[in-house]
Amino acid sequence: MTRILASSLAAAFLLLPATQAMADVPAIKTSPGNQVDACVTPGRLMAFVKSRNERLDPRFDRIAVEYMRQGERLGLRWDYTFYQMMLETGNLSFRGDRGRRGDVSPRQNNFAGLGATGNGASGESFPDVATGVLAHLQHVLIYAGETVENPVAERTRKVQEWGILKSMQRRARGSVTFRHLAHKWAPGSDYVSGLQAIASRFEEGFCNRPDPHPEWVAEARGQKPAAAVAQAAPVKEQAQDRISGAELARRAIEEGKDAGDNRRSGLGVGAATMGRPSMPSPSYSILNAPASDPAPRAGAAAADTTANVTAKPPTKSAPLTMASAAGTIGTTSPRSPQADRSAAAPKAGGKCRVWTASYGGQKALIIRVNSEKGTDFTVLDVNEGAEKREAEAYIAAYAKGGTVEAEFASQTQALDKAFELCPEG
């Protein structure tokens with residue numbers, strides 16, 4: 001494989017302070033203690049790339065979404081794999097020192113030089129950006145000792161068959177890191193220093209900036225992006241403005257029937273706010289509800305509300321869909337959540353349950369609600385910078401009396417803690 005390292009990247013490394021230059025690189029596979037930092041989002045990464053390549057081909061404008069989507073699915077540090085892509089492609093310019101065109105061309109969608117072994121060998125080509133990203137991630141994955149069945153890249157298939165990574169993996173004596181990868185990928189070069197330089201530049205210059213495309217995180221995870229919060233000033237409540245939770249639930253249930261059983265109903269959309277600002281509704285799932293419990297519970301609803309729930313037995317083809325509503329009147333009126341009951345359930349008579357809820361963000365909070373019936377732990381995904389506001393809105397509408405137990409960089413970390421607190425799950 002041939003590196004296409006832009007001279008600007010090498011120069012950037014030389015300017016780094018020694019403490020940053022010596023920072024080590026992470027293991028390839030993610031684990032509870034090895035997660036992608038919350039500030040690393042597709043929107044910020046693309047802003048970083050464009051700051052280094054002002055003539056970025058529009059075909060690559062959303063490539064970071066694919067790295068996050070497929071990287072999380074494969075369970076690897078897709079952020080460092082993205083940095084490796086920047087190193088290999090010269091920030092997606094596909095040019096090396098002095099602007100010379102490398103062996104791989106942009107139209108090949110080959111972001112790691114797979115099969116480009118030098119002397120003009122252009123390497124493999126892939127039909128689209130998504131396939132090219134998958135080929136790169138799969139190839140990195142085999143360095144960690146994973147076996148990839150039917151890889152999209154011929155180079156990946158050959159390397160697996162040859163078994164040429166096994167000695168390196170044995171020497172690693174544990175988790176294979178990007179340092180191990182660098183020594184095998186480009187022996188005798190400063191490849192790992194290039195990765196460190198790019199990671200440091202991103203952290204210093206972009207981690208604290210606003211995310212220009214926060215909705216891309218939800219897109220990468222297959223979630224519906226949270227709606228924008230309305231900014232209209234509150235209006236004086238009128239009697240005719242009040243819509244009961246039961247009425248909202250009835251409308252949602254009817255809409256669900258019209259659209260088919262497999263559609264999630266949007267509860268109170270349009271009617272719930274009546275000119276008042278509202279938080280977007282968090283969709284949430286109960287992970288370990290007792291089978292005898294007819295409806296999810298996330299704490300008592302706010303005052304002056306009612307709820308109506310319709311449920312069907314779960315099937316293998318689709319999760320159980322439930323509708324509930326809380327027509328809260330006030331300056332902040334979160335619409336009701338949509339709940340999916342998981343097939344997993346604790347032992348009969350369990351005293352605690354674990355939920356997930358989401359406003360579409362990457363960070364996560366654990367919200368605890370105690371009641372006579374037991375304790376609910378909700379892992380609530382929140383948007384960076386809006387953690388307090390979204391937690392307060394959720395507690396006011398769906399978890400009255402709840403408290404924020406802890407804050408985490410990702411939902412995975414929060415879930416680990418929630419099930420530690422609630423082992424019955």
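A few points on the structure.

What follows deals with the overall build of the protein. Across its full length, the protein holds 14 helices and 7 strands. For the protein, buried positions account for 50% of its 425 residues. In the protein, of all internal contacts separated by at least 6 residues, the share reaching a separation of at least 24 is 69%. Of the accessible surface of the protein, which amounts to about 20200 Å², a share of 50% is contributed by carbon and sulfur atoms.

Moving on, we come to the nonpolar core. Core analysis: the biggest nonpolar cluster contains 65 residues, and Ile63, Tyr67, Phe82, Tyr83, Leu92, Phe111 and Phe202 have the highest contact counts within it. Elements supplying a minimum of two residues to this core: helix H3 (42-52), helix H4 (63-74), helix H5 (78-89), helix H6 (129-143), helix H8 (166-172), helix H9 (178-185), helix H10 (191-206) and helix H11 (215-220). The greatest single-element share of this core, amounting to 9 residues, is contributed by H6.

For glutamine 138, the position within the fold is in helix H6. Polar side-chain contacts of glutamine 138 include one of 3.0 Å to the backbone nitrogen of valine 152. Other than its neighbours up to four places away in sequence, glutamine 138 contacts Leu74, Val148, Pro151, Val152 and Thr156.

What follows deals with unusual backbone geometry. Unlike most non-glycine residues, asparagine 109 shows phi in positive territory, near 55 degrees. Inspection of the secondary structure puts asparagine 109 in the loop between H5 and H6. Unusually for a residue other than glycine, asparagine 150 sits at a positive phi of about 50 degrees. Mapping asparagine 150 onto the fold places it in the loop between H6 and helix H7 (154-162). Residue asparagine 150 is classed as exposed on the basis of its relative accessible area of 71%.

Bridge count for strand E5 (residues 363-371) against strand E6 (residues 374-382) is 9 bridges, and the pairing is antiparallel. When the sheet's bridge partners are listed, serine 371 is paired in E6 with glycine 374. Here E5 runs beside strand E7 (residues 403-408); their pairing, made up of 5 bridges, is antiparallel. What sits directly across from arginine 368, in E7, is threonine 403.

This structure, assessed with the given rule, holds 17 salt bridges. Notably, a salt bridge pairs aspartate 61 with lysine 50, separated by 3.6 Å at the nearest N-O pair. Here lysine 50 lies in helix H3 and aspartate 61 lies in the loop between H3 and H4, a separation of 11 residues in the sequence. Among the ionic pairs, glutamate 420 bridges to lysine 417, the shortest N-O distance being 3.1 Å. Of this pair, glutamate 420 and lysine 417 both sit in helix H14 (residues 411-421), 3 residues apart, which is roughly one turn of the helix. Of the residues examined, glutamate 420 reaches a relative accessible area of 55% and is grouped as exposed. What makes lysine 417 partly exposed here is its relative accessible area of 28%.

A few words on the packing of H3 against H5. As a packed pair, H3 and H5 sit with axes 12 Å apart at the nearest point and diverge in direction by 15 degrees. As the angle between them shows, H3 and H5 are arranged roughly parallel. Between H3 and H5 lies a crossing of right-handed hand. Side by side, H3 and H5 meet where Leu45, Met46, Phe48, Val49 and Arg52 of the first sit next to Trp78, Phe82, Tyr83 and Met86 of the second. Partitioned by chemical class, the residues of the contact of H3 with H5 number 8 nonpolar, no polar and 1 charged.

With that out of the way, let us pick up the side chain of glutamate 88. Note on placement: glutamate 88 falls in helix H5. Looking at glutamate 88, its side chain comes within polar contact range of the side chain of tryptophan 185, at 2.9 Å.

Looking at the secondary structure, you find asparagine 208 in the loop between H10 and H11. Sequence-wise, asparagine 208 and arginine 44 are 164 residues apart; in three dimensions their C-alpha atoms are separated by 9.5 Å.

Now for H14. Ala414, Leu415 and Ala418 are the residues of H14 that are buried. Down the axis of H14, the smallest arc covering the buried residues is 100 degrees, so these residues share one side. On its buried face, H14 sits against strand E4 (352-358), E5, E6 and E7.

Right, let's get into a positive patch on the surface. Taken together, Arg55, Arg95, Arg101 and Arg107 make up a surface patch of like positive charges. Mapped onto the fold, arginine 55 is located in the loop between H3 and H4. Note on arginine 55: relative accessible area 79%, which makes it exposed.

This brings us to the packing of H5 against H9. Their axes nearest at 12 Å, the elements H5 and H9 cross at an angle of 30 degrees. With respect to each other, H5 and H9 are oriented roughly parallel. Judged by the twist between their axes, the crossing of H5 over H9 is right-handed. Here H5 contributes Tyr80, Thr81, Gln84 and Glu88 to the contact with H9, which in turn contributes Phe178, Leu181 and Trp185. Split into classes, the residues belonging to the contact of H5 with H9 amount to 4 nonpolar, 2 polar and 1 charged.

As a further point, take H7. Listed as buried for H7 are Arg155, Thr156 and Val159. Along the axis of H7, the buried positions cluster into a sector of 100 degrees, meaning they face one direction only. Its buried side turned inward, H7 meets H6. With its phi angle positive at about 70 degrees, glycine 163 sits one or two positions after the end of H7.

Conventions adopted
Residues numbered from 1 in each chain as written. Predicted model: local features only at pLDDT ≥ 70, side-chain atom pairs only at ≥ 80, totals over all residues. Heavy atoms only, no water. Helix = DSSP H or I, 4+ residues; strand = E, 2+ residues; numbered from the N terminus. Buried < 20%, exposed > 50% of the residue type's maximum accessible area, 1.4 Å probe, protein only. Contact = heavy atoms within 4.5 Å. Areas by Shrake-Rupley, 256 points an atom, 1.4 Å probe, with all protein chains shown as cover. Core = buried A, V, L, I, M, F, W, Y, C linked by side-chain atoms within 4.5 Å. Polar contact = N/O pair within 3.5 Å; in protein donor to acceptor, adjacent residues only side chain to side chain. Pairing = 2+ DSSP bridges. Salt bridge = Lys/Arg side-chain N within 4 Å of Asp/Glu carboxyl O. Axes fitted to C-alpha atoms, helices over the stretch in contact; angles between N-to-C directions. Parallel < 35°, antiparallel > 145°, perpendicular 65-115°, else oblique. Left-handed = near helix turned anticlockwise from the far one by under 90°. Nonpolar A, V, L, I, M, F, W, Y, C, P; charged D, E, K, R; others polar. Arc of directions from axis to C-beta. Patch = residues over 30% accessible without salt bridge, like charges linked within 9 Å, V, L, I, M, F, W, Y side chains within 5 Å. Lys, Arg positive; Asp, Glu negative; His and termini not counted. Charge placed at Lys NZ, Arg CZ, Asp CG, Glu CD.

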